[in-house]
Structure formats: C-alpha cells, structure tokens
Amino acid sequence: KRGIGGDITFGLMQRLHQVVRIKPSKLFLLIGINDLSKGIPEDVVLENIFLLITEIKKQTPATQIFVQSILPVNPSFKNFPKDYGLQ
C-alpha cells in the first residue's frame, strides 16, 4: 500500500519511482478526485493518469494495472474533511 490521503496526480508522479522499482505484480490506481477538488482541470488530471500508466508499463511491463474510477465531485459540497488538508 502506497496511498497517501489527500495526494494528487502530481505527487504520485514524483514518487512513482518508489513503486516501479519493486516491480509489483498488480497495481491499483485510484487517483484524481483530490486533483478535481483542488480545481485542477479535468484534462490535466486525465493526461497525468495516462502519463502514469505509460511510465508504469514502460518500467515494469509485467505489472497488471487496474484503473479504478474517479468518484464524481458534487459542486454543492465545498470542503473535504480537514484530515486531508484540502481546504
């Protein structure tokens, strides 16, 4: 488990080397909701996810990648829990 509460795609991109060096057999990618909650444009989030997948495939081609969906953001819900530092 390498998930960090409140992390965004840019943070994962900076730490990706820590994940690929152990050559996991499976990788579950659930990222993006925090990006959206911070106002990062959807197209940037999507591009970052594609870049992450491309780099994982390049560095550890045997790893099975499971992309989990990004939960929808409800615009009427203005703040995320303080535990995640997203306010």
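The structure this text deals with has already been given above.
Residues numbered from 1 in each chain as written. Predicted model: local features only at pLDDT ≥ 70, side-chain atom pairs only at ≥ 80, totals over all residues. Heavy atoms only, no water.

Novice: Whenever I open this one, the side chain of Thr-60 confuses me. Can you help?
Specialist: Position of Thr-60 relative to the elements: it lies in the loop between helix H3 (42–59) and strand E2 (64–67). For Thr-60, a relative accessible area of 4% translates into the label buried. Apart from residues lying up to four places away in sequence, Thr-60 is in contact with Val-20, Lys-23 and Pro-24. (Helix = DSSP H or I, 4+ residues; strand = E, 2+ residues; numbered from the N terminus. Buried < 20%, exposed > 50% of the residue type's maximum accessible area, 1.4 Å probe, protein only. Contact = heavy atoms within 4.5 Å.)

Novice: Can you walk me through the pattern of salt bridges in this structure?
Specialist: Charged atoms that come close allow side chains of opposite charge to pair. Taken as a whole, this structure holds two salt bridges when the rule is applied. Here Glu-55 ties to Lys-58 by a salt bridge, and the two come within 3.5 Å at their closest N and O atoms. Here Glu-55 and its partner Lys-58 are both found in helix H3, three residues apart, which amounts to about one turn of the helix. For Lys-58, a relative accessible area of 60% puts it in the exposed group. (Salt bridge = Lys/Arg side-chain N within 4 Å of Asp/Glu carboxyl O.)

Novice: When you look at the nonpolar core in this model, what are you seeing that I'm missing?
Specialist: Soluble globular proteins: nonpolar side chains tend toward being buried together. By size, the foremost hydrophobic cluster in this structure holds 14 residues, and its most contacted members are Leu-12, Leu-16, Leu-27, Leu-29, Ile-31, Ile-49 and Ile-56. Of all elements in the fold, only helix H1 (9–20), strand E1 (26–29) and H3 reach the threshold of two or more residues within this core. It is H3 that provides the largest number of residues to this core, a total of five residues. (Core = buried A, V, L, I, M, F, W, Y, C linked by side-chain atoms within 4.5 Å.)

Novice: Would you mind showing me how to read H3 here?
Specialist: Owing to its 3.6 residues per turn, the α-helix aligns residues three or four sequence positions apart on the same side. For H3, built from 18 residues, the straight-helix expectation of 26 Å at 1.5 Å per residue is met to within 8% by its first-to-last C-alpha distance of 26 Å. Residues of H3 that are buried: Val-45, Asn-48, Ile-49, Leu-52, Ile-53 and Ile-56. Taken around the axis of H3, the buried residues stretch over an arc of 135 degrees, which confines them to a single face. More than 90 degrees from the buried face of H3, the exposed residues found are Asp-43, Phe-50, Lys-57 and Lys-58. On its buried side, H3 packs onto H1, E1, helix H2 (33–37) and E2. (Expected span 1.5 Å × (residues − 1). Arc of directions from axis to C-beta.)

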